[in-house]
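One letter stands for each residue in the lines below.
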Amino acid sequence: MSSHTLVPSNGLGLPIARMRQVFQTSEVERKLHALQSSGNDREHESLRNTYQRMLERGPERFAVKPSGVPDMADLYAQLPNFGEPLDDVKRHVALSHSSADSLELTPMLLLGPPGVGKTHFAKKLADMLGTHMSLVPMSSMTAGWLLSASSSQWKGAKPGKVFQALVDGEYANPVIVVDEIDKAAADAQYDPLGALYSLLEHDTAQSFTDEFAEVAIDASQVIWITTANDERSIPKPILNRMNVFQIDAPDAEASRQIARLLYDGIRKEHDWGGQ
């Protein structure tokens, strides 16, 4: 098994632990053959294009983890009100470092008022781990179909966010943020959080089926972060699958520290910053 090293913007050396298959090529070929044999090419053009894109890209994606336990001092300074979830991440990284296992983080719920930096934390975490972040806003009008998509029989249907992150992305272990999970409105016909019952469980996530593509996807390595203002509307079985962290607003001194760091970061990203 070969290993490669990426060097992200934060300077950490991140070896590719391994290449991981996120779907079975034979299953996609079988689905595509059945579709072509049906003679309804025009009717199923989007689905056919999806299968062809999967075969062109291939099933292997990078599964990354830090080469060692990173110095997270900068993250603690940038996110002073996220000490507990950062401690949790550090423990998981240390555990994976001491073994040949892939990096696995227990799904987490960041609970707190708007504006405390919950989504910013997720982006910083993805940067540190050397993977990609995808945002799933559950307050959206179409939130019911975001995670697992809708059937290809529906007009304008397309794959869900989990499928897109794994099949169209580069990584087998992206960070997926389910934002404002408490805003997901269920109706009598469809539960927008229904897919999470299997996605947040490692064993069942290994064969997650997107309702559009109807091909099993290995989502077991996804790093899940959910955010909410109020946990009372989140079903207990989903809450029980996550580590819950209460995130309070930073105090005055911490707010000044965050502002200074953000200002310095903006200056460094622009040529005018040196002036």
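The coordinates are above.
For every chain, the first residue of the written sequence is number 1, and numbering continues from 1 onward in sequence order. Given that the model is predicted, a residue must reach a pLDDT of at least 70 before its local features are reported, and side-chain atom pairs must reach 80 or more before they are shown or counted; all residues, however, enter totals for whole chains, interfaces and linings. Derived side-chain values reflect all non-hydrogen atoms in the structure, with water molecules and hydrogen atoms excluded from consideration.

Caption draft 1: Inspection of the overall build of the protein chain at higher detail. Summing up its helical and strand segments, the protein chain has 10 helices and 10 strands in all. The 275 residues of the protein chain split such that 45% are buried. When checking whether two residues touch, look at their non-hydrogen atoms; a contact exists if any pair is within 4.5 Å. A fraction of 73% describes how many contacts in the protein chain between residues 6 or more apart in sequence connect residues 24 or more apart. Surface accessibility follows the Shrake-Rupley procedure with a 1.4 Å probe radius. Residue values consider only the protein chains on display as shielding. Total accessible area on the protein chain stands at roughly 14,200 Å², and carbon and sulfur atoms take up 50% of it. We count a stretch as a helix when DSSP gives it H or I for four or more residues in a row; a strand needs E for two or more, and each element gets its number in order from the N terminus. Summary of the burial criterion: residues with accessible area below 20% of their type's maximum are buried, those above 50% are exposed, and those between are partly exposed, where the area comes from a 1.4 Å probe applied to protein chains only.

Caption draft 2: Just the nonpolar core, in detail. The biggest cluster of nonpolar side chains holds 44 residues, and the ones touching the most others in it are Tyr 51, Met 54, Val 162, Ile 181, Leu 196 and Trp 224. Elements represented by at least two residues in this core include exactly α1 (25-38), α2 (45-57), β4 (108-111), α6 (161-168), β6 (175-179), α7 (196-199), β9 (223-228) and α9 (236-239). Examining the composition of this core, we find that 5 residues originate from one element, α6, more than from any other. What is meant by a nonpolar core is a set of buried Ala, Val, Leu, Ile, Met, Phe, Trp, Tyr and Cys residues, joined one to another through side-chain atoms within 4.5 Å. Of all hydrophobic cores here, the second largest spans 25 residues; its members include Val 89, Val 93, Met 128 and Met 133.

Caption draft 3: Fine view of the sheet that holds β6. DSSP-based pairing: two strands are paired if at least 2 bridges between them are found. With parallel pairing, the 5 strands of this open sheet are ordered in space as β5-β6-β9-β4-β10. The open sheet has two edge strands with one neighbour each: β5 (133-137) and β10 (243-246). Going across the sheet, the axis of each strand differs from the next one's by a mean of 20°, ignoring polarity. For β4 and β10, the ladder comprises 4 bridges, and the chain directions are parallel. Residue Leu 110 lies in a different strand from β10, and its bridge partner there is Phe 245. The axes used here are C-alpha line fits, helices contributing only the stretch in contact, and every angle between their N-to-C directions lies in the interval 0 to 180 degrees.

Caption draft 4: Molecular detail of the environment of Arg 57. Inspection of the secondary structure assignment puts Arg 57 in helix α2. Under the relative-accessibility criterion, Arg 57 is labelled partly exposed at 32%. The spacing of Arg 57 and Val 167 is 110 residues in sequence and 8.2 Å in space, taken between C-alpha atoms. The contact partners of Arg 57, leaving out residues within four places of it in the chain, are Val 167, Asp 168, Gly 169 and Glu 170.

Caption draft 5: Here's a closer look at unusual backbone geometry. In this structure, Glu 180 is a non-glycine residue whose phi angle is positive, near 55°. Mapping Glu 180 onto the fold places it in the loop between β6 and α7.

Caption draft 6: The packing of aromatic side chains, seen in detail. Stacked, tilted and edge-to-face pairs are distinguished by plane angle, under 30 degrees for stacked and over 60 for edge-to-face with tilted covering the rest, among Phe, Tyr and Trp rings (Trp via its six-membered ring) whose centres lie within 6.5 Å. Within the structure shown, the criterion is met by 2 aromatic pairs. Look at Phe 62 and Tyr 171: their rings are 6.3 Å apart centre to centre, the planes differ by 50°, and that puts the pair in the tilted class. In this pair, Phe 62 sits in strand β3 (residues 60-64) while Tyr 171 sits in the loop between α6 and β6, placing the two residues 109 residues apart along the sequence. Using a relative accessible area of 17% as the deciding quantity, one classes Tyr 171 as buried. An angle of 5° between the planes, with centres 5.0 Å apart, marks the rings of Phe 82 and Phe 121 as stacked. You can see Phe 82 sitting in the loop between α3 (73-78) and α4 (83-97) and its partner Phe 121 sitting in helix α5 (residues 118-129), a full 39 residues away along the chain.

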